[in-house]
Amino acid sequence: MSSTTSNPNVNYLNEFKGIGSWLTSLDHKRIGLMYMIAVFIFFLVGGIFALLLRMELFAPGGQLFTPDQYNQVMTYHGAIMVFMVIIPGIPAVLGNFFLPIHIGAKDVAFPRLNLLSWYVFMFGAALAVSTMFTNKIDTGWTFYTPYSIRTNTAVVQMVVAAFILGFSSILTGLNFIVTVHKLRAPGMSMYRIPLFVWAVYSTAILQVLATPVLAITLLLLVAERTLGVGIFDPKLGGDPVLFQHFFWFYSHPAVYIMILPAMGIISELISAFSRKTIFGYTAIAYSSLGIAGVSFFVWGHHMFVSGQSEIAGVIFSFLTMLVGVPTAIKMFNWLATMYRGSISFDSPMLYALGFMFLFAIGGVTGIMLAVIGVDVHFHDTYFVVAHFHYVMVGGTLMAIMGGMYYWFPKMFGKMCNEAQARITFVLIFVGFNVTFFPQFILGAMGMPRRYFDYIEPYHSLNRISTMGSWLIAAGFFLALYTFIRALTSGPKAPMNPWGAKTLEWQTSSPPPFHNFDVEPVVTAGPYEYK
Amino acid sequence: MSTSNTHVVAPGEPDVAHHFRDAHHQYDSNKEGIWLFMVTEILMFGGLFVGYAIFHAIYPEMFAEGARQLDWKMGAFNTIVLITSSLTMALGIYYCQIRNR
Amino acid sequence: MFMLWMKFAGASSFMPTSATDIADRVDNLYAFLLISSFIGCVILIGGMVYFVYKYKRKTDTDKTPYITHNALLEFLWSFIPLVIFLAVFAWGWLVYHDMRQMPKDALEVHIFGKQWAWEMQYKSGVKTSNLLKVPINKDVKLIMTSNDVLHSFYVPSFRIKQDVIPGTYTALWFNANKMGDFHIFCTEYCGTQHAGMLGTLQVVSQEDYDKWLEEESLVSTLPLAQRGEKIFQVKACASCHSVKDNSIKVGPPLFQRFGAQEQLVDGSSHPIDENYVRESVLAPNAKIVKGFQPNVMPSFQGQLSEVELSALVEYIKTLK
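About the criteria used
Residues numbered from 1 in each chain as written. Chains lettered and ligands numbered in written order. Predicted model: local features only at pLDDT ≥ 70, side-chain atom pairs only at ≥ 80, totals over all residues. Helix = DSSP H or I, 4+ residues; strand = E, 2+ residues; numbered from the N terminus. Buried ≥ 20, exposed ≤ 12 C-beta atoms within 10 Å, placed from the backbone. Contact = placed C-beta atoms within 7 Å. pLDDT = per-residue confidence, 0-100. Pairing = 2+ DSSP bridges. Axes fitted to C-alpha atoms, helices over the stretch in contact; angles between N-to-C directions. Expected span 1.5 Å × (residues − 1). Nonpolar A, V, L, I, M, F, W, Y, C, P; charged D, E, K, R; others polar. Parallel < 35°, antiparallel > 145°, perpendicular 65-115°, else oblique. Left-handed = near helix turned anticlockwise from the far one by under 90°.

Here we look at the overall build of chain C
Scanning chain C from N- to C-terminus turns up seven helices and 12 strands. Along the longest, intermediate and shortest principal axes, the C-alpha atoms of chain C span 90 × 55 × 35 Å. Here chain C holds 320 residues, and 32% of them are scored as buried. Of the contacts made within chain C by residues no fewer than 6 positions apart, 63% connect residues no fewer than 24 positions apart.

Describing the confidence of the model for chain C
Should pLDDT be low for a region, the predicted coordinates there are not to be read in detail. Per-residue pLDDT for chain C averages 88, and the proportion of residues at 70 or more is 98%. Quick note on the complex model: pTM equals 0.87, ipTM equals 0.90.

Focus on the sheet that holds strand β4 (residues 131–135) of chain C
Residue and element names in this part refer to chain C. Ordered in space as β4-β10-β9-β6-β7, the five strands form an open sheet in which the pairing is mixed. Looking at strand neighbours, the two that pair on one side only are β4 and β7 (160–164), the edges of this open sheet. Taken pair by pair, the neighbouring strands of this sheet meet at an average axis angle of 20°, ignoring direction. One ladder, built from five bridges, connects strand β6 (residues 151–155) with β7; its direction is antiparallel.

A few points about helix α9 (residues 281–294) of chain A
For α9(A), with 14 residues, the first-to-last C-alpha span of 20 Å sits near the 20 Å given by 1.5 Å per residue. If you check which residues of α9(A) are buried, you get Y281(A), A283(A), I284(A), A285(A), S287(A), S288(A), I291(A) and A292(A). Looking at the buried residues of α9(A), the elements they touch are α7 (195–227), α8 (240–274) and α10 (310–338) of chain A together with α3 (71–100) of chain C.

Quick look at the environment of T131(A)
Residues and elements named next belong to chain A. Residue placement: T131 occurs in the loop between α4 (111–130) and α5 (147–150). Through-space distance from the C-alpha of T131 to that of Y76 is 9.8 Å; in sequence the pair is 55 residues apart. Once residues lying within four places of it in the same chain are set aside, the contact partners of T131 are K136, I137, A154, Q157 and M158.

Overview of the arrangement of the chains
By contact count, the leading pair among the two pairs of chains in contact is chains A and C. A minimum C-alpha distance of 18 Å separates chain B and chain C, which share no contact.

Let's talk about unusual backbone geometry
Backbone torsion omega between S509(A) and P510(A) reads -10°, so that peptide bond is classified as cis. On the secondary structure map, P510(A) appears in the segment after α15 (459–489). For D105(C), which is not a glycine, the phi torsion comes out positive at approximately 55°. Mapped onto the secondary structure, D105(C) falls in the loop between α3 and β1 (107–114).

Digging into the interface of chain C and chain A
Contact with chain C, which involves 71 residues of that partner, is made by 72 residues of chain A. Contributing elements (two or more residues each) for the side of chain C that touches chain A: α2 (21–54), α3, β6, β7 and β9 (180–186) of chain C. For the side of chain C that touches chain A, the class distribution of residues is 40 nonpolar, 22 polar and nine charged.

Remarks on the packing of helix α3 (residues 67–102) of chain A against α8(A)
Residue and element names in this part refer to chain A. Where α3 meets α8, the closest approach of the two axes is 8 Å, and the angle between their N-to-C directions is 40°. In this view, α3 runs oblique relative to α8, as classed from their interaxial angle. For the pair α3 and α8, the sense of crossing is left-handed. Two secondary-structure elements touch here, α3 through I86, I87, I90, P91 and G95 and α8 through A254, I257, M258, P261, A262 and I265. Residues belonging to the contact of α3 with α8 are distributed by class as follows: 10 nonpolar, one polar and no charged.

Thoughts on the interface of chain B and chain A
Counting residues at the interface gives 19 residues for chain B and 26 residues for chain A. Its residues assigned to classes, the side of chain B that touches chain A comprises eight nonpolar, nine polar and two charged.

What to know about the sheet that holds strand β8 (residues 170–174) of chain C
Residue and element names in this part refer to chain C. The strand order β3-β2-β1-β5-β8 describes an open sheet built from five strands, whose pairing is mixed. Looking at the sheet topology across the chains shown, the edges are occupied by β3 (127–129) and β8. Geometrically, the sheet is characterised by an average inter-axis angle of 25° between neighbouring strands, direction not taken into account. As paired strands, β1 and strand β5 (residues 140–146) are joined by seven bridges and run parallel to one another. Within β5, the position partnered with G113 by the bridge is S146.

The structure is reproduced here in structure tokens:
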């Protein structure tokens, strides 16, 4: 039993050896890394599907695929990226690793449950991927009825997989809530936890409250397909629009499950690389909770043209406007944090600045889509596709990359090559805008989404968009190279390479198995740059 | 094994995992966890029961028709099994608790 | 000044040709959104770029001031966005309200969405497929439903869109103020040929419209094969079966096939005769041609009269 050692060469990575010690590990840091590997592989798969989609849309008419194949690739891209990359991306990887350390705990509240949720996740993911080798699926990631009831493809397997993935998400959320409530170090009041923890905590509440609704919706869909219960199919007396209500009641909060933790990372990065205390700590913390709360009442903005009543549409439009306010508050608070700071251009900060740029565009186009009279034109066109990629990729993925470069020294004890990290940023940032900005214009011109083929006027913009996707791909492959190089031959990381103030930087890099050799006693807030 | 690399057994507190301060702390956390789990279960099955109630209200005669197809003996047997299993479970926990005191 | 901006934003907004008054109003609102978003982004991104430049780290020991909050600032940047958001919300509501307010005494056309074509049924009995012809400057109301899965009826130039749902009616209205051909798209994912579910909305003068409607009504007196051709168009058979060459769309091509032997999936072959065509229309899954999937083509059982079936057979005979 060497766990309480203070030998600086022993850490969570090398204290126990062998693949078995990983697969049975209850350590939150190791489980976080296991999630990271899985999420990374799924990101690669989903990304390849994205490149294939863009290749197909390079020119009108069939390029690579038949329409059916295109629809399958489109479905897998969406389902993998949503359920297996963006949703677990921050909470299960970076959250698992840093949430306990941020609050000065030795582990999450239920380590066994944590490991179980990884296995549940892997099982669900394997089931989802296995459909690629059987009947495939072509419903789009939204599984809209009655198409999903009538298509011949592997809807049941995929839906059960999404159900299982959702269960894993619930368990992770539950674990984090209890951890934040019960395991904070002495002196770590709720107003001294880092904003990343506030964000992951708000996310966890969403995961626990919203995911069961998805679960039951998907079960009803399975019941309808296998037993012929007429809930959603009008042929059996069901209501196909009811499915959309159920689905978006989960999936809209899920959008915030994807973006809230990203905002948490940005709060950390902006403060750390401006060497300045965060502006409006409570405002940012409460805006996370506010977004989480309001997000349960805006699902109908996905359904402005679904045939819901005028008054319902108007109410959802109004409530959606309210989500804009806490989001704007966060943006302005980050800006104010930079005011009179000491701003460095280390690669994580570049990603944070990139996030603010892209998220500003994603945010204002979100407001445009919330204006109900305008949304009727934009609904289900490429404008929507561009908007949510600006938020999910330009927002969440940028934050994940920023967080990876920021915490990589802590997680692995090695520094990344800074020049490569910056080139990666330029490639991804430029490529992203080249890919997705033309899609706003395509949407304004009226090009519908999920189209295998398009009319000639949309040709040139689609070609530009496809070329941009190659730049993004180049960026991510360079990032992969940087990470592998850093792991194998990167210089050793000091304890606190960025000069940040949160607790994870006050333990060794990588941290020891118990996170801290001595339980920390907290006497000040997380951003005391004085 | 997993237990060896995660459980630091503090002297005098045999069943407390390493990241809790004491048994009371652990019990508190476990309690909150199970309540949260109950919330998710209620949310999940609540939807089903509400759906059942609504459809029952809209199509009462259809439900009555459906009920006529069911066998009351099987139903009664099923109910008895369910109640008995709940009872034995609750009794088991109760005796665990008083024996511990 | 403001109007100039609006004009500029309108001109560079890339919206398709506007052909209704409602579309103009949507464009005005969108132009306003573009301008205010642009200003918002300039403040945020410009401020960010300025701060990054101004407060660049000079030495590694820079001291920064300890500023935790500022109630007035925080109130302002919550309140001002809220006011703007509520203003555009109200403006959007007004536009939407008029989109949803169905006109009385409109020309009503029934629209049926099906995988993967639009069927238009005029009250006079005229049926078209993927072509909606309407007179200019007249209120037109579309009463829509679907035969199978969800579709969505979208006319970009009119800025209107409405999901088409099986088992219920939804409605749309418009009053076109420009003549010409406009695109109809399906914008709710509906399967294989979703991207091919295109139609044309033709706005013509009242006289042309009346003339066209009368001509279409005379179809029942046409020769049998020509009548079959019409039915073939109306039922959108051509979106899956090619008739001009042997290219494969979704289903087997029909060009020069009558009288030939068809290879089936079970290995046998069957001559394409009158009864084979009839069975393929009414029970498409009975015989599946080699290389194709079952359950793709819907059955037309009950949708065609005996005369119409014969007309189809005669039409297929003429494909040479």
